[in-house]
Each structure stands twice: as C-alpha cells, then as structure tokens.
Amino acid sequence: MPTITVGLDGSPQSVAAADWAAREAEQREAALCLLHAWEQPPHLTAPLAGVPAPGAIDREQAWAQTLLYETQSRLADRHPGLPIGTEQTGDQPASALLAAADESDLLVLGSRGLGTVAGFLVGSVSRAVVARAARPVVLVRAGERVQDEHLPDASGGASTTTPYRDVLLGLDLDNPGDEVIGFAFDAARRRASGLRVVHGWSLPASYGYGAAMDVGLNEELAEQVRHALTDVLRPWRDKFPGVDVNAQAVIGGAGRHLVHASHDAALVVVGRSERHTPVGGHIGPVAHAVLQHAVAPVAVVPHG
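Conventions used here
Residues numbered from 1 in each chain as written. Predicted model: local features only at pLDDT ≥ 70, side-chain atom pairs only at ≥ 80, totals over all residues. Heavy atoms only, no water. 1 Å grid on protein atoms, 1.4 Å probe; cavity = no way out; pocket = protein on both sides within 12 Å on 5 of 7 lines; lining within 4 Å. Points joined across faces, edges and corners; volume = space filled by probe spheres on them. Helix = DSSP H or I, 4+ residues; strand = E, 2+ residues; numbered from the N terminus. Nonpolar A, V, L, I, M, F, W, Y, C, P; charged D, E, K, R; others polar. Core = buried A, V, L, I, M, F, W, Y, C linked by side-chain atoms within 4.5 Å. Buried < 20%, exposed > 50% of the residue type's maximum accessible area, 1.4 Å probe, protein only. Contact = heavy atoms within 4.5 Å. pLDDT = per-residue confidence, 0-100. Salt bridge = Lys/Arg side-chain N within 4 Å of Asp/Glu carboxyl O.

Draft legend 1. Fine view of the layout of surface pockets. Empty space within the largest pocket amounts to approximately 550 Å³. Residue lining of the largest pocket: 27 residues in total, with Leu-171, Asp-172, Asn-175, Pro-285 and Val-286 positioned closest to the centre. Those elements that provide at least two residues to the lining of the largest pocket are β8 (195-201), β10 (265-273) and α9 (285-293). In terms of residue count, β10 provides more of the lining of the largest pocket than any other element does, four residues in total. Among the residues forming the lining of the largest pocket, the class breakdown is twelve nonpolar, eleven polar and four charged.

Draft legend 2. Molecular detail of the nonpolar core. In this structure, Leu-32, Val-108, Phe-185, Leu-195 and Val-269 are the most contacted members of the largest nonpolar core, which totals 49 residues. With residues near it in sequence (within four places) discarded, Phe-185 still touches Leu-195, Leu-233, Trp-236, Arg-237, Phe-240, Val-243 and Val-245.

Draft legend 3. View of the confidence of the model for the protein chain. Looking at the protein chain as a whole, its pLDDT mean stands at 86, while 82% of the residues score no less than 70. The spread of mean pLDDT over the elements of the protein chain runs between helix α4 (residues 115-118), the lowest at 38, and helix α6 (residues 178-191), the highest at 98. Overall, residues 208-213 carries pLDDT values under 50, and its contacts beyond four positions in sequence, including any with other chains, amount to five contacts.

Draft legend 4. A look at helix α3 (residues 93-102). Within α3, seven of the ten residues are buried, which leaves it mostly tucked inside the rest of the structure. Every buried residue of α3 is listed here: Pro-93, Ala-94, Ala-96, Leu-97, Leu-98, Ala-100 and Ala-101.

Draft legend 5. Molecular detail of the environment of Arg-196. Mapped onto the fold, Arg-196 is located in strand β8. Residue class for Arg-196 comes out partly exposed when judged on its relative accessible area of 28%. Between the alpha carbons of Arg-196 and Asp-244 there is a distance of 8.5 Å; along the sequence they are 48 residues apart. The residues touching Arg-196, leaving out its near neighbours within four places in the chain, are Asp-166, Val-167, Leu-168, Leu-169, Asn-246, Gln-248 and Ala-261.

Draft legend 6. How the structure looks around the pattern of salt bridges. Summed over the entire model, instances satisfying the criterion amount to eleven salt bridges. Ionic pairing is found between Arg-78 and Asp-19, a salt bridge with its closest N-O pair at 3.5 Å. In this pair, Arg-78 is assigned in helix α2 (residues 56-78) and Asp-19 in helix α1 (residues 12-28), connecting sequence segments 59 residues apart. Judged by its relative accessible area of 51%, Arg-78 falls in the exposed class. Judged by its relative accessible area of 13%, Asp-19 falls in the buried class.

Draft legend 7. Examining the environment of Val-146 more closely. Within the secondary structure, Val-146 sits in the loop between β6 (137-141) and β7 (166-170). Remark: the alpha-carbon pair of Val-146 and Ala-266, spanning 120 residues in sequence, is separated by 9.3 Å. Ignoring anything within four residues of it in the chain, the contact list for Val-146 reads Arg-23 and Thr-160.

This is how it looks when you write it as structure tokens:
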C-alpha cells in the first residue's frame with residue numbers, strides 16, 4: 001500500500017500538514033504515518049558531562065507519544081478506515097525526515113505561514129529536506145483548511161462541497177521533468193479539477209536590447225514558446241483525457257506568476273532538479289520564490 005508520511009512537532013503548521021496529509025492519503029487510498037523526530041536540546045544535558053539529565057529524555061518521549069496518539073485519534077475520527085501509524089525517533093529531524101521520504105510515496109511538512117501576503121517562511125529543516133529529498137515533498141502553511149482548496153459557493157462563502165480549485169503547475173520547458181508533469185496531472189485527476197500550467201520565458205541574451213522593442217520578433221518567439229508548450233503537454237493530455245488544461249507562456253520568471261495564481265489554487269506543483277552543490281541540495285529560483293510566498297500548499301517534485 002502507498003504511504004504518506006507527515007512530520008509532526010505539535011506546531012500549528014504541522015497540525016495543518018497532518019490534516020492535509022490525511023485527506024491526501026484518503027484520496028490516494030494510501031496509509032498515513034505520523035512521524036515525530038526530535039533532536040536532544042542542549043538544556044537536556046548535564047553541564048560538562050554531556051550526559052542527558054535524568055528523566056529528560058523520558059519526558060520528551062512521553063510528550064511525543066501523547067502528541068502522536070492524540071493526533072492519530074483525531075484523524076481516525078475524521079477519516080474512519082484510513083490506516084494511520086505512528087513513529088518517533090531521536091535522530092536529527094532533517095535526517096529522520098529524509099530517511100522517511102525514501103520509504104514513502106510522499107512527505108508532508110508544515111511551514112510557518114506569514115499570512116496571504118508573505119506566505120511561507122521555510123525553516124532550516126524544511127529547506128534541507130526539500131533540497132535533498134528523493135521523493136516529492138509538500139509544504140503546508142499554518143491555517144490551511146479543507147475549504148481553502150475548494151471554490152466558493154454561490155453566495156461567495158467557503159465550502160467543502162464545491163469543486164476543487166485548479167492545480168497549478170510551474171513548467172520549465174528547458175527541463176520539464178516527466179515526474180513533475182505526471183505529479184501535477186495526477187493531482188488534478190484525483191481532485192477532478194482543472195490544471196493550470198505556467199511557463200515563464202524571456203528573450204535570449206543573444207538577441208540584444210534592441211530586440212525587446214521588436215513587436216514582430218517578440219510575437220514570433222512567443223508563438224514558438226506556445227507551440228513548444230503544446231508539444232510537451234500533448235502526451236499528458238492524451239494520458240489524462242479528463243483533465244482540463246489551461247496552459248500559458250508568460251514573459252519573465254514564472255515565480256511571481258505562480259505566487260499570484262496560488263491564491264486561487266488547491267495545490268502548486270514545481271520541480272527541483274536533482275543536482276547537488278558543495279553545501280547541499282539545490283532548490284532553484286522558481287521553487288524558492290514559490291516556497292517563500294505562495295498561499296496554497298506547495299509540492300516540490302525532484303526530477304533527473
């Protein structure tokens with residue numbers, strides 16, 4: 001059975017992540033694993049000796065067990081029949097989450113929301129996991145609600161019974177990644193939603209400054225980009241005939257367009273090329289912008 005793992009630390013953002021992960025697991029007919037990873041804080045060690053203070057580790061484990069049990073019970077009540085397991089570890093959080101990602105189909109993490117303007121604030125642990133995970137990672141902001149993923153009702157009010165908002169895909173034509181496109185189409189299919197695809201492009205530097213003023217050249221290049229976008233998406237449209245696709249090529253970086261469109265999206269999907277720098281993994285400018293400012297949950301999908 002597929003497995004979705006969610007990192008749980010008791011924070012509002014991790015609670016929202018657990019709720020989102022449970023809904024996603026139910027939709028995918030997958031099992032859900034609640035994982036709590038804790039790193040021994042300095043105040044839990046005795047001075048100089050470096051030995052854990054008596055009872056400190058036991059208290060941390062007891063707190064984690066209570067957190068996991070209460071969350072498991074709450075989600076089981078909301079999602080009867082959903083297999084929900086728990087796990088806690090004393091490993092460093094980033095290492096534990098990366099290991100969990102290797103064993104899961106999807107890893108879900110909470111990210112501190114800064115409101116609808118500032119969006120995400122990605123912490124060091126989340127950033128490290130997103131940059132290095134071998135499987136897709138979804139980040140969910142605090143306050144995310146199920147009704148946020150759905151269109152408003154006829155009166156303009158929040159609803160959980162109306163159709164889903166569109167899934168939003170940021171697509172790089174130079175390195176599209178089948179894993180990224182497939183993830184987005186599958187997410188739209190499962191939600192019976194539309195898929196909005198955004199590709200950002202600019203004039204090649206070789207054309208020079210004057211070319212920016214050439215309306216005819218701009219339109220010709222724009223048409224080439226639109227054709228390339230159509231060609232890349234064609235086999236996926238054939239594979240997912242029930243998904244209504246709205247593709248657009250926008251001038252400039254795709255990041256700001258995706259951030260703006262995230263206000264009306266159920267999920268934002270971006271890719272991360274699996275290359276590593278000397279200091280760790282690489283996220284990329286578009287994914288970085290979306291993680292910092294998007295309103296909707298963000299799925300970062302690694303690809304070769």
